[in-house]
Amino acid sequence: GPTGAIAFSGAVEPTGTPVTINSNNYTVTQAGVYALDSGAGTVTIATGVHDVKFVQAKGATLSNIQITGPSDGNANLWIEDLDVTNGDDMSFLRFQGTNNVFNFKGTNTISTPMTSTTTWKPPISNHAVIHVGGGLTVEGGAYGTGKLIFNNDNTLQGALIGTDDQEQSSASVTVNSGTFTDYDSMDVIVGSGSSTVAGVSRPGSSCGDIVVKNATIIAPNKMIDPAIGNGYETGRCGSIYIANSDITVKNQAAAGIGSSEGGTITSN
């Protein structure tokens, strides 16, 4: 695995007795730790509330969870040992504004099963699983040992960590540490979303610079999109910088790092 000093933003992990969320349309109005129970659904972090951590309530089954960060950015958001299954037309996390930090501890699994009755036909998710807002730093906890697993069943047009399908954004994403495993064949793990559904080309999506350091990225079944870079068909991203990382990609049709077919890296 990666060696050397782990880059860390210095974001302090929220602590305290967890407050249980067991209802839909819940607004987090205070910093602290929150336990997602089976009834949880849409969770909004209020403006000005920046230090929040989510854990899973004991025995809970989590489905269709969407968490939106504070509108003023500067979020310090942590998750630990979550197992979430979402519908295929929604994000799990959507950050807003800039200067956001996302930390994950333990092992976290985000699954998006296909709900279409016919393979590779709409409805297909146009949203990033973790939307970076105006810019995001991602870390596997303070020690870089956190794991984030994606099971997306060929339904995704937005990036796993990045931008939505067709979104024009200059937002940059920095991965400082952590292990990322993607079992789907057509997702960009870090970067801009794809822009093709059922063979129909649409306006491309874009993102800013991508930095990956001290990370382990595993993509055993890539087919079209790279693990790191821009999505299929006229996608764009800025510079890509990778250091001190292990990246394992089994890829059949496109670069594991860089540009998909028809896409562009706009800088170095």
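In case you missed it, the structure is sitting above this.
Residues numbered from 1 in each chain as written. Predicted model: local features only at pLDDT ≥ 70, side-chain atom pairs only at ≥ 80, totals over all residues. Heavy atoms only, no water.

Moving on to the overall build of the protein. Assigned secondary structure in the protein consists of zero helices and 29 strands. Put simply, the protein has 268 residues, and 53% of those count as buried. Considering only intrachain contacts with a sequence separation of at least 6, the fraction spanning at least 24 residues in the protein is 76%. Just so you have it, the protein exposes about 10300 Å², and 48% of that area is on carbon and sulfur atoms. (Helix = DSSP H or I, 4+ residues; strand = E, 2+ residues; numbered from the N terminus. Buried < 20%, exposed > 50% of the residue type's maximum accessible area, 1.4 Å probe, protein only. Contact = heavy atoms within 4.5 Å. Areas by Shrake-Rupley, 256 points an atom, 1.4 Å probe, with all protein chains shown as cover.)

To continue, consider unusual backbone geometry. Located in the positive-phi region is Asn25, a residue other than glycine, with phi close to 55°. Looking at where Asn25 falls in the secondary structure, it is placed in the loop between β1 (19–21) and β2 (26–28). You will see that Asp81, though not glycine, has its phi angle at about 55°, which is positive. Among the secondary structure elements, Asp81 is positioned in the loop between β8 (76–80) and β9 (83–85).

The subject of this paragraph is the environment of Ile240. Examined against the element boundaries, Ile240 turns out to sit in strand β26 (residues 240–243). By relative accessible area, which is 19% here, Ile240 ends up buried.

A word on the pattern of salt bridges. The tally for this structure, following the rule as stated, stands at four salt bridges. With a closest N to O distance of 2.6 Å, Lys53 and Glu80 form a salt bridge. Taken as a pair, Lys53 in strand β5 (residues 51–56) and Glu80 in strand β8 lie far apart in primary sequence, 27 residues in all. Classification of Glu80 as partly exposed rests on a relative accessible area of 21%. Members of the salt-bridge network, linked through shared partners, are Glu13, Lys53, Glu80 and Lys105. (Salt bridge = Lys/Arg side-chain N within 4 Å of Asp/Glu carboxyl O.)

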